[in-house]
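Each chain is listed here by its residues.
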Amino acid sequence: ADISTTLAGVKLPNLLFNASGVCCQTEADLKLMVESESGALITKSATVEQRDGNPAPRYTPLPNGIGSINSMGLPNEGYEYYLEYAKKYDYNSEKPLFISLSGLSLDDNVKMCKAFVDAKLPCVLEINYSCPNVPGKPQMGYDMEAMEKSLSVLAPLIKKPFGIKLPPYFDIAHFDQAAAVFNKFDNLAFVTCINSVGNGLAIDFVTEQALIKPKDGFGGLGGLMVLNTALANVNAFHRRLPGKQIVGVGGVVSGKEAFLHVLAGASAVQIGTMLKEEGPGVFARIAKELSDIMVAKGYKTLEDFRGKVKTL
Ligand SMILES: O=C(O)c1[nH]c(=O)[nH]c(=O)c1I
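Now for a look at the structure at hand. (Residues numbered from 1 in each chain as written. Predicted model: local features only at pLDDT ≥ 70, side-chain atom pairs only at ≥ 80, totals over all residues. Heavy atoms only, no water.)

1. Side note on the sheet that holds strand E4 (residues 41-42)
Taken together, the 8 strands give an open sheet; going across it, the order is E3-E14-E13-E10-E9-E8-E7-E4, and neighbouring strands pair in parallel fashion. The open sheet has two edge strands with one neighbour each: strand E3 (16-18) and E4. Alignment of E3 against strand E14 (residues 266-271), held across 3 bridges, turns out to be parallel. The residue of E14 that forms the bridge with Asn18 is Ile271. (Pairing = 2+ DSSP bridges. Helix = DSSP H or I, 4+ residues; strand = E, 2+ residues; numbered from the N terminus.)

Here it is in structure tokens:
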């Protein structure tokens, strides 16, 4: 079956790529992504300066495959590293490049966006409004006014289609309020839902210790356990953002969850925890599983079922 897609005007040979943060901080990581069967790749969220991030242990999978917890603390090589990578990238390859930016202030985001705009590159920007793990930095995704202010500056600056990475919302009024902001920006071409479910706490029963070191063990939750919150956010914004696209992320462990994300309205699907645990081979596996599901159900393309979740 045909699992190709288009996102922000660029063609992806298949709808699967990495969630920013996983397998994408260094050129060595990104090379693995280029060599994988993913349909695209996205870089680790960048700040103006290089950051070491939080002390380890700062990521761990959770027992029984239910997911993961992380409090990485925005470790990255600094935006100029990713700008250089984007300048060297082979845009004739069939795999488009996405760049994640997560400035610690609006000025920082302006500085980074300007640099990418001035470089006139084909890569697509995804502005991260939802990092839950920088101590002292509340995430923008839950501050509608701050997001609107940021977008009113960045959207005209970026000019071409771009996306934003959102935290999960849990209240219908918040879906409505967020969508009202996003619908004001025509070149906001897609929203990526969801980032990790912020500030969970994983405790080891035997040692009675938190599993990760930063923030008293508080960190973002990912993996299968967040699937149903992810599907809700994908569908809520699919219903509320006519003319925009949704990138679905959260809980994709097989072709089945990728299928459900498309059914909920996703135009592309990112994989985080499963990529971290299984490695880049996950893309070939899930691509085949999804294609087999589509054949079994009689669907030829993603358009045949995108957003067609039935209600009772
Ligand atoms: O701690 C991180 O680096 C991190 N971790 C996440 O789960 N989501 C994010 O957007 C980020 I920037």
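Resuming the write-up.
2. Focus on the packing of helix H6 (residues 227-240) against helix H7 (residues 255-264)
Two elements in contact, H6 and H7, have axes whose closest approach is 8 Å; the angle formed by their N-to-C orientations is 25°. Here H6 lies roughly parallel to H7, going by the angle between them. Crossing handedness for the pair H6 and H7: right-handed. Residue-level inspection shows Leu227, Ala230, Leu231, Val234, Asn235 and His238 of H6 in contact with H7, the latter providing Glu257, Leu260, His261 and Ala264. Class assignment of the residues belonging to the contact of H6 with H7 gives a composition of 6 nonpolar, 3 polar and 1 charged. (Axes fitted to C-alpha atoms, helices over the stretch in contact; angles between N-to-C directions. Parallel < 35°, antiparallel > 145°, perpendicular 65-115°, else oblique. Left-handed = near helix turned anticlockwise from the far one by under 90°. Contact = heavy atoms within 4.5 Å. Nonpolar A, V, L, I, M, F, W, Y, C, P; charged D, E, K, R; others polar.)

3. Let's talk about the sheet that holds strand E12 (residues 218-222)
An order of E5-E6-E12-E11 is seen for the 4 strands of this open sheet, with the pairing classed as antiparallel. The outermost strands of the open sheet, each flanked by one partner alone, are strand E5 (59-62) and strand E11 (197-201). In this sheet, adjacent strand axes meet at a mean angle of 40° when their direction is disregarded. Relative to strand E6 (residues 67-70), E5 is paired through 4 bridges, and the arrangement is antiparallel. Residue pairing across strands places Tyr59 opposite Asn70, the latter belonging to E6.

4. Focus: H6
Along its 14 residues, H6 runs 20 Å from first to last C-alpha, staying within 8% of the 20 Å computed at 1.5 Å per residue. Each element contacted by the buried residues of H6 is listed here: strand E9 (162-166), helix H5 (172-182), strand E10 (188-193), strand E13 (245-249), H7 and E14. (Expected span 1.5 Å × (residues − 1).)

5. Concerning the site of the ligand
Taken together, 13 residues are adjacent to the ligand, and Lys44, Asn70, Gly73, Asn195 and Ser196 come closest. Between the ligand and Lys44, the relevant distance is 2.8 Å, taken from an oxygen atom to a side-chain nitrogen or oxygen of the residue. Between Asn195 and the ligand, the recorded distance is 2.8 Å, taken from a side-chain N or O atom to a nitrogen atom. Computed on the free molecule, the ligand has an accessible area of 320 Å², of which 93% lies beneath the protein chains in the complex. In a pocket analysis with a 2 Å cut-off to the grid points, the ligand is assigned to the largest pocket. (Near = heavy atom within 4 Å. Polar contact = N/O pair within 3.5 Å; in protein donor to acceptor, adjacent residues only side chain to side chain. Areas by Shrake-Rupley, 256 points an atom, 1.4 Å probe, with all protein chains shown as cover. 1 Å grid on protein atoms, 1.4 Å probe; cavity = no way out; pocket = protein on both sides within 12 Å on 5 of 7 lines; lining within 4 Å. Sits in = over half its atoms within 2 Å of the grid points.)

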